[in-house]
Amino acid sequence: MRPLRQRAKAAAGRLKPQPAWPVPKSAGRLCPGASHLGAKNCRGGYFYAVPSPLTGVSTTGGLERKPLRPTSSKARNRTDGSRASLRINVSPLSAKGEGGVNALTGPAAADSISPTSRRDGQDVKKKRTAVFYVPYTIIGGSHHSLLGFIEGLRPGWRTLVVYSEENPEFTRLYTGRGVECRRLEVPGILHHGDLRRPWRLARDFFRAIRGLRRLVREERAALIYGESFLGRLMAALAALGLPTVSVGYIRMCSDLGLLDRLTYALADAYVVISETVLRAAVPWAKMRPRKLFKVYNGVWLDRFSPGPADLELKKSLGLEGRPVIGYYGRFAPFKCPDTLLQSLAILRKRGRTEVRLLLVGKPHEAAYPGFAAKLEQLIEREGLQEAVVRTGYVEDVRPYVRAADIVAVPSDLEPFGRAVIEAMALARPVVGGNNGGIPEIATDGVDALLVPPREPEALALALERLLDDPELRGRLAEAGRRTVERRFDMRTNQRKLRALMGFLVRRKAGPAA
């Protein structure tokens, strides 16, 4: 009979494992009975056998083998009667695919791995803690994506959202989904602080870092996630010197400056939401490309299911019996709602006075000062008061999307386009800009119509084409739904993010984790 080493080598050749994080011989200290088989036996990866607490039989690469001799009598006779084990999985994570994770380089792993113990006939799994630091609380598509991320981690993680900017809509959104929230006071540094008093700005900044770091240590967080430049910087500094993984999340296409490059050097990983953002980050991330990962946003297919419009809602908004163009999201300059208003004015000049524009969302004066006043002046100048219906911020956008015949996303440089995938999931035809992340989602003439950004005439032509062709609207709506089902399912998104976070935690903890 062949020795165990030769049989393990043959099994590894049949299974074709992907390279995994190396496990040295010292792993036996944390996992009694672990036997290191060596990289050469596993084609560049490492397998080791772990005694099963249920059968007392060791497993190597998923194949049961004879029991291994424990590393010591002390490890064999634990005082609490439990036997620790580790679940090993060497499935690839970085295989490039639609809507998946694309690691530029580096090894990969599968679902989150946590130590387990067997006590009183049950497996008890300890939950890791993940802290999500979100300094700015302007409600947008990024928060719905973050909620999906948090819900995906919940099976094996305890999640805590820390925010700085007071916003009742933000806390209501998160607590309504069962997310624990805490506020971290950062006086003077939100929205760039008072640059006339740099000493006070620096003092407040380091106080905020100290507070966040204290929270991370008290919670023994395995991971801290930072969004926006301030969030990424504070998360990286709060985790400095601690066994906590810091993950920065980039969702904007704007030029990242010198300080963000420093933050990238300090962080353990950066996650980007589209190829567009990836291209903006890659030029200065070449020094450490193993830190950069791309993960597309997802949408809940069961929640965002196609359905008819709510007639009562349309009647209450004064939209009954009229063609409706919908705009959903923040009133930000890069989203070009002013271009949409100019296109509506062009349609009305061509005799389409029955068309109504439904604006769902609200401006944020602190982030975009003066932009709301500019839109109001444009509406008044073009005489669109009767044609524009405003709702303000709404927590559930789905009935308002269903109330529209066409959804317009005329962004100049959209990082991804969550409004696009939500409208497509609800089977509503989309007219979007052909720049930024939208072309990564939709194909012109197949599942959407794409037009050059900031060209009101081109946008008006596309809208008029859809208004006049119900068959084209139906074809685009059906194709859009199929695209979302195939590429942007939230469950697939969650599975890959959960795998990525588990891999990053193990990589930070070292080979013995």
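Rules used throughout
- Residues numbered from 1 in each chain as written.
- Predicted model: local features only at pLDDT ≥ 70, side-chain atom pairs only at ≥ 80, totals over all residues.
- Heavy atoms only, no water.
- Salt bridge = Lys/Arg side-chain N within 4 Å of Asp/Glu carboxyl O.
- Helix = DSSP H or I, 4+ residues; strand = E, 2+ residues; numbered from the N terminus.
- Buried < 20%, exposed > 50% of the residue type's maximum accessible area, 1.4 Å probe, protein only.
- Contact = heavy atoms within 4.5 Å.
- Expected span 1.5 Å × (residues − 1).
- Arc of directions from axis to C-beta.
- Pairing = 2+ DSSP bridges.
- Right-handed = clockwise from strand over helix to strand, strands pointing away.
- Phe/Tyr/Trp six-rings, centres within 6.5 Å; stacked < 30°, edge-to-face > 60°.
- Axes fitted to C-alpha atoms, helices over the stretch in contact; angles between N-to-C directions.
- 1 Å grid on protein atoms, 1.4 Å probe; cavity = no way out; pocket = protein on both sides within 12 Å on 5 of 7 lines; lining within 4 Å.
- Points joined across faces, edges and corners; volume = space filled by probe spheres on them.
- Nonpolar A, V, L, I, M, F, W, Y, C, P; charged D, E, K, R; others polar.
- pLDDT = per-residue confidence, 0-100.
- Core = buried A, V, L, I, M, F, W, Y, C linked by side-chain atoms within 4.5 Å.

Asks: What am I meant to see in the pattern of salt bridges here?
Replies: Pairing between side chains of opposite charge can happen when the charged atoms of each approach one another. In the structure shown here, the tally under the stated rule is 28 salt bridges. For Arg251, the salt bridge is made with Glu227, and the minimal N-O distance between the two is 2.9 Å. Of the two residues, Arg251 sits in the loop between β12 (245-250) and α7 (258-266) while Glu227 sits in strand β11 (residues 223-227), which places them 24 residues apart along the sequence. The class for Arg251 is partly exposed, based on a relative accessible area of 21%. Judged by its relative accessible area of 3%, Glu227 falls in the buried class. Glu414 is paired through a salt bridge with Lys335; the nearest N and O atoms lie 3.2 Å apart.

Asks: Help me understand the side chain of Glu169, please; the structure alone is not making it clear to me.
Replies: Structurally, Glu169 is set in helix α4 (residues 168-175). Contact partners of Glu169, with chain neighbours within four places excluded, come to Ile139, Lys362 and Tyr393.

Asks: In this structure, what is going on with helix α11 (residues 371-382)? I would like to understand it.
Replies: One turn of an α-helix holds 3.6 residues; hence residues three or four places apart share an orientation. The end-to-end C-alpha separation of α11 is 17 Å, in line with the 16 Å expected for 12 residues at 1.5 Å each. Within α11, the full set of buried residues consists of Phe371, Ala372, Leu375, Leu378 and Ile379. For α11, the angular spread of the buried residues around the axis is 120 degrees, confining them to a single face. Pointing more than 90 degrees away from the buried face of α11 are the exposed residues Gln377, Glu380 and Arg381. Packed against the buried residues of α11 are α10 (337-349) and β17 (388-392). Of the residues flanking the end of α11, it is Gly383, one or two places downstream, whose phi is positive at about 65 degrees.

Asks: So what exactly am I meant to see when it comes to the pairing of strand β9 (residues 157-163) here?
Replies: Regular strands place side chains that alternate from one sheet face to the opposite one. Among the 7 residues that make up β9, 6 are buried, leaving the element largely enclosed by the rest of the structure. In the sheet, strand β8 (residues 128-134) pairs with β9 via 7 bridges, with the strands oriented parallel. When the sheet's bridge partners are listed, Val131 is paired in β9 with Leu160. The β-α-β motif built from β8, the intervening helix α3 (residues 141-153) and the parallel element β9 has right-handed crossover chirality. Here β9 pairs with strand β10 (residues 180-183) via 4 bridges, running parallel. Counterpart to Val162 in the pairing with β10 is Arg182. Since β9 and β10 lie parallel, the crossover through α4 that links them has a hand, and here it is right-handed.

Asks: I keep staring at the packing of aromatic side chains and nothing clicks. Help me out?
Replies: Each pair of aromatic rings is reported with the distance of its centres and the angle of its planes. Applying the stated criterion across every chain, the model contains 12 aromatic pairs. Aromatic pair Phe149 and Tyr225: ring centres 5.8 Å apart, planes at 70 degrees, arrangement edge-to-face. Taken together, the residues span a long stretch of sequence, with Phe149 in helix α3 and Tyr225 in strand β11 at a distance of 76 residues. We classify Tyr225 as buried; its relative accessible area is 2%. Ring centres 5.1 Å apart and planes at 85 degrees place the aromatic pair Tyr264 and Tyr270 in the edge-to-face group. Tyr270 carries the same exposure label as Tyr264, and that label is buried. What links up through ring pairs into an aromatic cluster is the set Phe132, Phe149, Tyr225 and Tyr249.

Asks: Can you walk me through the sheet that holds strand β16 (residues 356-360) in this structure?
Replies: For sheets, the rule is that strands pair by backbone hydrogen bonds, running either parallel or antiparallel. Taken together, the 6 strands give an open sheet; going across it, the order is β17-β16-β15-β18-β19-β20, and neighbouring strands pair in parallel fashion. Pairing within the sheet leaves two strands with one partner each, and these edge strands are β17 and β20 (449-451). Ignoring which end each strand starts from, the neighbouring axes of this sheet average 20 degrees apart. Bridging between strand β15 (residues 324-328) and β16 involves 5 bridges; their strand directions are parallel. Directly across from Gly326, in β16, lies its bridge partner Leu358.

Asks: Would you mind going over empty space enclosed by the protein with me for this structure?
Replies: A probe matching the size of a water molecule, rolled over the atoms, marks out where space remains unfilled. Evaluated as defined, the whole model comprises 4 cavities of 30 Å³ or more. Space inside the second largest cavity adds up to approximately 100 Å³. In terms of lining, the second largest cavity is formed by Ser145, Leu146, Phe149, Tyr225, Tyr249, Val271, Val295, Tyr296, Asn297, Asn493, Leu497 and Met501. Split by residue class, the lining of the second largest cavity holds 9 nonpolar, 3 polar and no charged.

Asks: Quick question: what am I supposed to make of the pairing of strand β19 (residues 430-433) here?
Replies: Note: strand β18 (residues 406-409) against β19, 3 bridges, orientation parallel. Counterpart to Ala408 in the pairing with β19 is Val431. Once the chain exits β18 it traverses helix α13 (residues 418-425) before rejoining the sheet at β19, and the crossover so formed is right-handed. Of the strand pairs in this sheet, β19 and β20 are connected by 3 bridges, and their pairing is parallel. Across the sheet, Gly432 pairs through a bridge with Leu450, a residue of β20.

Asks: What am I meant to see in the confidence of the model for the protein chain here?
Replies: Where the model shows low pLDDT, its predicted coordinates should not be examined in detail. Summary statistics for the protein chain give a mean pLDDT of 76 and a share of 71% for residues scoring 70 or more. Across residues 11-124 the pLDDT falls below 50, and counting only partners more than four positions away or on other chains, this stretch makes 210 contacts in the model.

Asks: Sorry if this is basic, but what is going on with the nonpolar core here?
Replies: Nonpolar side chains in soluble globular proteins tend to end up buried together. In this structure, Phe132, Tyr174, Tyr328, Met501 and Leu504 are the most contacted members of the largest nonpolar core, which totals 77 residues. Excluding residues within four positions of it along the chain, Phe132 makes contact with Leu146, Phe149, Ile150, Leu153, Thr159, Leu160, Val161, Val162 and Tyr225. Core analysis: the next-biggest nonpolar cluster, separate from the first, contains 36 residues, Leu357, Val388, Ala408 and Leu472 among them.

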